[in-house]
Amino acid sequence: MRFEIMRLDDADGTAVDSTVVDAASVNQIVQQAAAIGQRIYIRPADAAAR
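These remarks concern the structure in this document. (Residues numbered from 1 in each chain as written. Predicted model: local features only at pLDDT ≥ 70, side-chain atom pairs only at ≥ 80, totals over all residues. Heavy atoms only, no water.)

### Focus: the overall build of the protein
Line of reasoning, step 1. When helices and strands are counted, the protein shows one helix and three strands.
Line of reasoning, step 2. Along the protein, helices (α) and strands (β) appear in the sequence β-β-α-β when read from the amino end.
Line of reasoning, step 3. Dimensions of the protein, computed from C-alpha atoms along their principal axes, come out at roughly 30 × 20 × 10 Å.
Line of reasoning, step 4. For the protein, the share of sequence-separated contacts (at least 6 apart) that also reach a separation of at least 24 residues comes to 48%.
Line of reasoning, step 5. Accessible surface, the protein as shown: approximately 3500 Å² in total, 49% of it carbon and sulfur.
Line of reasoning, step 6. The averaged location of the 7 negative side-chain charges in the protein is 5 Å from the averaged location of its 5 positive side-chain charges. (Helix = DSSP H or I, 4+ residues; strand = E, 2+ residues; numbered from the N terminus. Contact = heavy atoms within 4.5 Å. Areas by Shrake-Rupley, 256 points an atom, 1.4 Å probe, with all protein chains shown as cover. Lys, Arg positive; Asp, Glu negative; His and termini not counted. Charge placed at Lys NZ, Arg CZ, Asp CG, Glu CD.)

### Describing the side chain of Glu4
Line of reasoning, step 1. By secondary structure assignment, the location of Glu4 is in strand β1 (residues 2-8).
Line of reasoning, step 2. The class for Glu4 is buried, based on a relative accessible area of 12%.
Line of reasoning, step 3. One polar contact links Glu4 to Ser18, side chain to side chain, over a distance of 3.3 Å.
Line of reasoning, step 4. Not counting chain neighbours up to four residues away, the residues in contact with Glu4 comprise Ser18, Thr19, Val20, Tyr41, Ile42, Arg43, Pro44 and Ala45. (Buried < 20%, exposed > 50% of the residue type's maximum accessible area, 1.4 Å probe, protein only. Polar contact = N/O pair within 3.5 Å; in protein donor to acceptor, adjacent residues only side chain to side chain.)

### Side note on the pairing of β1
Line of reasoning, step 1. Most of β1 sits inside the fold, with five of its seven residues counted as buried.
Line of reasoning, step 2. Note: β1 against strand β2 (residues 15-22), seven bridges, orientation antiparallel. Paired with Leu8 across the two strands is Ala15, which belongs to β2.
Line of reasoning, step 3. Hairpin connection between β1 and β2: a loop of six residues separates the two successive antiparallel strands, and Gly13 in this loop has a positive phi of roughly 80°.
Line of reasoning, step 4. When β1 meets strand β3 (residues 40-44), the two strands line up antiparallel, connected through five bridges. Opposite Glu4, over in β3, you have Arg43 as the bridge partner. (Pairing = 2+ DSSP bridges.)

These results come straight from atomic positions and should not be treated as a statement about function.
Next comes the structure, spelled out in structure tokens:
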């Protein structure tokens, strides 16, 4: 399964950029974001994003 991970703006919460990754990469990205206090949004990627 693949997921879209969007980095969110600290001020207003809008998506700044996004990437699509496989399930195995999600934990690493979440850990990195938590370490620096970065806000992210994760959702299943649609077929069009593959």
